[in-house]
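Read off the chains here:
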Amino acid sequence: MMKKAKIGEKAPNFTLTDTEGISHTLAEALETSEVVVLEWFNPDCPFVKSHHKTGSTMRDLYADFGERGVTWLAINSGAPGEQGAGVERNRKAIKDYHIAYPVLLDETGEVGHMYRAKTTPHMFIIAKDGTLLYDGAIDGRMEDKVDTNYVRVALEQALSGETVTTTKSRPYGCSVKYAD
Amino acid sequence: MEPDRRSIGIQSSRCGEIVPRLENHSMSFPFCKNIVKTALLAAGASVAAAAHAGPFETEEEGSALVQPRLILEESALTPGTTAHLGVVFRIEPGWHIYWRNSGDTGLPPSVKLSLPAGLTAGPIQWPTPERYVHSDLLDYVYRDEVMLIVPVEVSSELRPGAVTIEASLDWLVCEEVCLPGDGRASLEVGVAPAGQRVTKNPQSAALFAATRQRLPRSMDEAKRDGVTVWWDGLSLELRAGAVEEVVFYPAGPHRAPPVEPLRDTQAADGALHIEYDERITHAQLVTGVLEVKNDGKSRYYWIEVKGPGD
């Protein structure tokens with residue numbers, strides 16, 4: 001049974017290749033960062049577009065936190081042939097959406113399943129010591145708290161050495177397009 | 001929108017009952033010849049009737065896959081009574097829209113009603129949805145056609161004539177992929193004189209009857225039918241005795257869904273044990289719909305327990 005991510009426990013390590021062929025390993029990213037953010041991504045999902053195209057939620061967050069030791073990795077667990085999957089589509093999305101961080105391709109879905117990533121977007125925040133700090137939505141839209149950006153709040157807390165108070169929220173979006 | 005204050009003049013009392021003929025977006029009346037019909041389009045109470053208006057840019061394809069329309073259960077609006085408006089979504093076969101709680105993915109539709117003065121909408125009544133399991137995700141959906149029922153209080157002051165009810169609708173319609181869409185619907189309906197006997201519109205009767213069968217009954221009725229409800233602050237136990245199947249459709253709180261819905265919310269032995277996590281400690285109410293299936297027939301009950309939160 002694959003190790004699954006749980007709040008307060010060590011987040012599962014992984015190695016994935018991005019759209020440019022560069023390999024990224026979580027353990028290595030943690031060595032050189034204060035915090036790592038994982039963003040489950042599918043460029044054609046309307047919810048993802050609302051944060052990357054009609055809105056700029058992710059870009060704004062990365063602009064604010066990227067220089068404060070936050071490594072941000074988008075992960076696409078779509079199987080080959082599924083909506084939004086593949087190197088070319090994601091390379092184009094990086095350009096169109098002005099994404100300043102890597103998009104990793106998890107075409108077998110192995111990493112997505114390790115984290116139980118359900119939707120795009122689905123956000124995870126990992127502390128430098130590898131502990132999973134947050135698992136949930138980008139904001140409280142599904143909880144009638146659309147103006148609360150849980151990731152922003154958690155990053156501020158984590159970077160100030162405070163305890164993350166909201167560790168879980170209800171992720172929303174399109175389903176991750178896993179291989180069957 | 002500025003109210004149109006032209007008065008309605010009824011110059012003849014030989015008029016029979018105003019019987020709306022219901023079609024998709026328009027209606028026509030067999031008029032009494034001497035009625036001066038006026039659409040009294042006051043920008044009345046606008047009701048945002050669902051929790052989630054989408055954050056999306058609408059896509060044409062998403063709009064084309066769903067056709068909304070409005071129908072009325074009654075033949076006319078009678079002052080001092082409650083009428084029932086049906087918001088109907090006809091959905092392209094193979095696609096679905098979502099329940100008030102969409103489940104793991106998706107987004108419920110949003111209904112914004114624009115009602116003339118004298119009409120007040122109550123909360124939407126949602127028929128019990130279907131479960132849609134895909135990979136290890138569980139959603140709550142509607143296929144083909146669904147009607148949401150909105151009770152509408154008709155003021156006793158409302159004058160006879162004709163009024164227009166308008167709706168602006170947003171939805172997310174999905175198959176393998178999801179597409180946001182939107183649409184509008186309107187309904188012209190007659191206002192009967194006060195005291196006139198309320199009659200049902202025969203054209204909408206079947207759809208209202210079918211929809212009502214899927215509305216949850218009260219928890220009191222559940223208990224009378226032998227359902228027991230046990231809540232210990234973290235898990236909900238529902239028992240319906242020796243029945244074919246029980247299914248729980250969680251409604252709220254949105255911030256604390258069941259931890260393992262696929263594992264916990266369906267059983268073939270009449271008993272469900274549904275676990276929540278520590279997020280439920282902030283909840284005032286834990287709610288959902290219990291389906292009890294026996295002899296091939298289903299009954300639905302609204303389940304509501306007090307959470308630990310204030």
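An account of the accompanying structure is given in this report. This one's a predicted model, so the numbers in the text were calculated from it and none came from an experiment. (Residues numbered from 1 in each chain as written. Chains lettered and ligands numbered in written order. Predicted model: local features only at pLDDT ≥ 70, side-chain atom pairs only at ≥ 80, totals over all residues. Heavy atoms only, no water.)

**Concerning the overall build of chain A**
Argument step 1. Scanning chain A from N- to C-terminus turns up 6 helices and 9 strands.
Argument step 2. Taken along the three principal axes of its C-alpha coordinates, chain A extends 40 × 35 × 30 Å.
Argument step 3. When burial is assessed residue by residue, chain A has 58% of its 180 residues classed as buried.
Argument step 4. Expressed as a percentage of contacts within chain A between residues at least 6 apart in sequence, the contacts between residues at least 24 apart total 73%.
Argument step 5. Each charge sign in chain A was given a centre, from 21 positive and 26 negative side chains, and these centres are 4 Å apart. (Helix = DSSP H or I, 4+ residues; strand = E, 2+ residues; numbered from the N terminus. Buried < 20%, exposed > 50% of the residue type's maximum accessible area, 1.4 Å probe, protein only. Contact = heavy atoms within 4.5 Å. Lys, Arg positive; Asp, Glu negative; His and termini not counted. Charge placed at Lys NZ, Arg CZ, Asp CG, Glu CD.)

**Details of the interface of chain B and chain A**
Argument step 1. On the side of chain A, 25 residues touch chain B, which itself brings 31 residues to the contact.
Argument step 2. Approximately 2300 Å² of surface area, both sides summed, lies buried where chain B meets chain A, with 49% of it carried by carbon and sulfur atoms.
Argument step 3. Where chain B meets chain A, there are 6 salt bridges.
Argument step 4. The interface formed by chain B and chain A includes 10 residue pairs in polar contact (both at pLDDT 80 or more).
Argument step 5. Elements with a minimum of two residues in the side of chain B that touches chain A: β8 (96–103) and β15 (178–191) of chain B.
Argument step 6. Here the side of chain B that touches chain A takes 3 residues from β8 of chain B, the largest share from any one element.
Argument step 7. Grouping the amino acids of the side of chain B that touches chain A by side-chain chemistry returns 12 nonpolar, 10 polar and 9 charged. (Buried area = accessible area lost by both parts, 1.4 Å probe. Salt bridge = Lys/Arg side-chain N within 4 Å of Asp/Glu carboxyl O. Polar contact = N/O pair within 3.5 Å; in protein donor to acceptor, adjacent residues only side chain to side chain. Nonpolar A, V, L, I, M, F, W, Y, C, P; charged D, E, K, R; others polar.)

**Some points on the packing of helix α3 (residues 57–65) of chain A against helix α6 (residues 150–159) of chain A**
Residue and element names in this part refer to chain A.
Argument step 1. At a closest axis distance of 11 Å, the pairing of α3 and α6 adopts a crossing angle of 10 degrees. Relative to α6, the element α3 lies roughly parallel. Judged by the sense of rotation from one axis to the other, the crossing of α3 with α6 is right-handed. Residues Asp-60, Leu-61, Asp-64 and Phe-65 of α3 form the contact with α6, whose own contacting residues are Val-151, Arg-152, Leu-155, Glu-156 and Leu-159.
Argument step 2. In terms of residue class, the contact of α3 with α6 is built from 5 nonpolar, no polar and 4 charged. (Axes fitted to C-alpha atoms, helices over the stretch in contact; angles between N-to-C directions. Parallel < 35°, antiparallel > 145°, perpendicular 65-115°, else oblique. Left-handed = near helix turned anticlockwise from the far one by under 90°.)

**Overview of a negative patch on the surface**
Argument step 1. A cluster of like negative charges, contributed by Asp-180 of chain A together with Glu-92, Glu-175 and Glu-176 of chain B, occupies part of the molecular surface.
Argument step 2. Within the fold, Asp-180 of chain A resides in the segment after β9 (174–175). (Patch = residues over 30% accessible without salt bridge, like charges linked within 9 Å, V, L, I, M, F, W, Y side chains within 5 Å. Areas by Shrake-Rupley, 256 points an atom, 1.4 Å probe, with all protein chains shown as cover.)

**Considering empty space enclosed by the protein**
Argument step 1. Enumeration over the complete set of coordinates arrives at 6 cavities of 30 Å³ or more.
Argument step 2. Reported here for the largest cavity is a volume of approximately 70 Å³.
Argument step 3. Around the largest cavity, the lining residues are Lys-4, Gly-112, His-113, Arg-116, Ala-117, Lys-118 and Tyr-178 of chain A together with Asp-136 and Leu-137 of chain B.
Argument step 4. Residues belonging to the lining of the largest cavity are distributed by class as follows: 3 nonpolar, 2 polar and 4 charged. (1 Å grid on protein atoms, 1.4 Å probe; cavity = no way out; pocket = protein on both sides within 12 Å on 5 of 7 lines; lining within 4 Å. Points joined across faces, edges and corners; volume = space filled by probe spheres on them.)

**Details of the sheet that holds strand β2 (residues 23–25) of chain A**
Residue and element names in this part refer to chain A.
Argument step 1. Read from one edge of the open sheet, 7 strands run β2-β1-β5-β4-β3-β7-β8, paired in mixed fashion. Since the sheet does not close on itself, it has two edges, and those belong to β2 and β8 (132–136), each with one partner. Strand-to-strand twist of the sheet, defined as the mean angle between neighbouring strand axes without regard to direction, takes the value 30 degrees.
Argument step 2. Alignment of strand β1 (residues 15–18) against β2, held across 3 bridges, turns out to be antiparallel. Note that in β2 the partner of Leu-16 across the bridge is His-24. (Pairing = 2+ DSSP bridges.)

**Digging into the state of the cysteines**
Where two cysteines share a covalent bond between their sulfur atoms, that bond is called a disulfide.
Residue and element names in this part refer to chain A.
Argument step 1. Taken as a whole and assessed by the stated rule, the structure comprises 2 disulfides over all chains.
Argument step 2. Disulfide pairing places Cys-45 opposite Cys-174 at an S-S distance of 2.1 Å. The chirality of the disulfide connecting Cys-45 with Cys-174 is right-handed, given an S-S dihedral of about 90 degrees. On the criterion of sequence distance, the pair formed by Cys-45 in the loop between β3 (35–40) and α2 (46–52) and Cys-174 in strand β9 is long-range, its members being 129 residues apart.
Argument step 3. Its relative accessible area of 0% is what places Cys-45 among the buried residues. (Disulfide = S-S within 2.5 Å.)

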